[in-house]
Amino acid sequence: MKIGVLALQGDVREHVHALEACGARASAVRRQEELDEVDGLVIPGGESTTMWKLAVAFELLEPLRLRIKEGMPAYGSCAGMIMLADRVEGGTEGQQTLGGIDMVVRRNAFGRQVDSFETDLDFAGRGAVRAVFIRAPWVESVGTDVKVLCRTGSRIVAVRQGPLLATSFHPELTGDARVHSYFVEMVREL
Ligand code: GLN
């Protein structure tokens, strides 16, 4: 089993390390051939508008959409959450996503760079996970097939729909690999 990390932009290395800490084989994905080789994919944090434009430039947008449609497990963190959302509020003109999760995500909802923060969250009943939010989105609304995994206050910040997982926060920056191990289990189950 091999898990890819989409390496167009964002904090790729940290996700590779977190996956390896869970005993998974992990590798960067920049080209279609590399995408074809993986059983699951992490879409890192970074900047969703840049990621979308690079996905177009690298001719990966449609191959990624296809793999997601075919049921490949994927985990999106922060900008990656935006990429997995069917609908985005506060996006730039014409901003496109890969989609897959029936939700509306509000971009930069928690404020600007200076408004980044950390907190402990109960993640899917696995105990308190240290969560780092950096210009993070939140989930405005979800469809009936989407399971809410955690909230901060009243805001939804982690969801799952079938083989797709998304968090507003960055678990790869904390050294706590529980969210990644949850995803690795999802990939193994398939
Ligand atoms: N604000 C960024 C975006 O819109 C996401 C920030 C992040 O991934 N840390 O894509």
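The rules behind the values
Residues numbered from 1 in each chain as written. Predicted model: local features only at pLDDT ≥ 70, side-chain atom pairs only at ≥ 80, totals over all residues. Heavy atoms only, no water. UniProt positions renumbered as here; feature names shortened; annotations may be inferred. Helix = DSSP H or I, 4+ residues; strand = E, 2+ residues; numbered from the N terminus. Contact = heavy atoms within 4.5 Å. Buried < 20%, exposed > 50% of the residue type's maximum accessible area, 1.4 Å probe, protein only. Polar contact = N/O pair within 3.5 Å; in protein donor to acceptor, adjacent residues only side chain to side chain. Near = heavy atom within 4 Å. Areas by Shrake-Rupley, 256 points an atom, 1.4 Å probe, with all protein chains shown as cover. Nonpolar A, V, L, I, M, F, W, Y, C, P; charged D, E, K, R; others polar. Pairing = 2+ DSSP bridges.

Engineer: Would you mind showing me how to read the UniProt feature "binding site: L-glutamine" (unreviewed entry) in the protein here?
Structural biologist: UniProt records the feature "binding site: L-glutamine" (unreviewed entry) for Gly-46, Glu-47, Ser-48, Arg-107, Ile-134 and Arg-135 in the present numbering. Across 90 residues of sequence, these annotated residues stay compact in space, with a maximum C-alpha separation of 12.9 Å. Among the secondary structure elements, Ser-48 is positioned in helix 3 (residues 48-57). In this structure, Ser-48 is in contact with Ala-79, Ile-82, Met-83, Gln-95 and Arg-107, ignoring residues within four places of it in sequence. Checked against the element boundaries, Arg-107 lands in the loop between strand 6 (101-106) and strand 7 (117-122). The exposure class of Arg-107 is buried, given its relative accessible area of 11%. When neighbours within four sequence positions are excluded, Arg-107 is seen to be in contact with Glu-47, Ser-48, Thr-49, Ile-82, Val-88, Glu-89, Gly-90, Gly-91, Thr-92, Gln-95 and Pro-137. Here Glu-47 takes part through its side chain, which lies 2.7 Å from a polar atom of the side chain of Arg-107.

Engineer: It is not clear to me how helix 4 (residues 61-69) should be interpreted in this structure. Could you clarify?
Structural biologist: Owing to its 3.6 residues per turn, the α-helix brings residues three or four apart onto one side. Among the residues making up helix 4, those that are buried are Leu-61, Pro-63, Leu-64, Arg-67 and Ile-68. At its buried positions, helix 4 is contacted by strand 1 (2-6), helix 2 (32-36), strand 3 (40-43), helix 3, helix 5 (79-84) and strand 12 (164-167). A positive backbone phi angle near 105° is found at Gly-71, which sits one or two residues after helix 4.

Engineer: Would you mind going over the site of the ligand with me for this structure?
Structural biologist: Close to the ligand lie Gly-45, Gly-46, Glu-47, Ser-48, Cys-78, Ala-79, Ile-82, Arg-107, Asn-108, Ile-134, Arg-135 and His-170. One of the side-chain N or O atoms of Arg-107 is found 2.6 Å from an oxygen atom in the ligand. Take His-170: an N or O atom from its side chain is 2.9 Å from a nitrogen atom of the ligand. Computed on the free molecule, the ligand has an accessible area of 300 Å², of which 96% lies beneath the protein chains in the complex. Partitioned by chemical class, the residues of the shell around the ligand number four nonpolar, five polar and three charged.

Engineer: Help me understand the environment of Glu-20 in this model?
Structural biologist: Residue placement: Glu-20 occurs in helix 1 (residues 12-21). Glu-20 sits in the partly exposed class, given a relative accessible area of 42%. Taking the C-alpha atoms as reference points, Glu-20 and Lys-2, separated by 18 residues in sequence, lie 10 Å from one another.

Engineer: Looking at this model, I keep getting lost on the pairing of strand 6. Mind explaining?
Structural biologist: Side-chain positions along a regular strand alternate between the two faces of the sheet. As paired elements, strand 5 (residues 85-89) and strand 6 share four bridges and run parallel to each other. Looking at strand 6, one finds that Glu-89 is bridged to Arg-106.

Engineer: Looking at this model, I keep getting lost on the UniProt feature "active site" (unreviewed entry) in the protein. Mind explaining?
Structural biologist: Following the UniProt record, one finds the feature "active site" (unreviewed entry) at Cys-78, His-170 and Glu-172. Separation in sequence by 95 residues is not matched in space for these annotated residues, since their most distant C-alpha atoms are only 11.1 Å apart. Structurally, Cys-78 can be placed in the loop between strand 4 (74-77) and helix 5. In this structure Cys-78 comes out as buried when scored by relative accessible area, which is 4%. Among all residues touching Cys-78, those that are not within four sequence positions of it are Gly-45, Ile-134, Arg-135, Ala-136, Pro-137, Thr-167, Ser-168, Phe-169 and His-170. Looking at the secondary structure, you find Glu-172 in the loop between strand 12 and helix 6 (178-189). Residue classification places Glu-172 among the buried positions, given a relative accessible area of 7%. Dropping the residues within four chain positions of it, Glu-172 is found in contact with Asp-11, Glu-14, His-15, Ser-77 and His-180.

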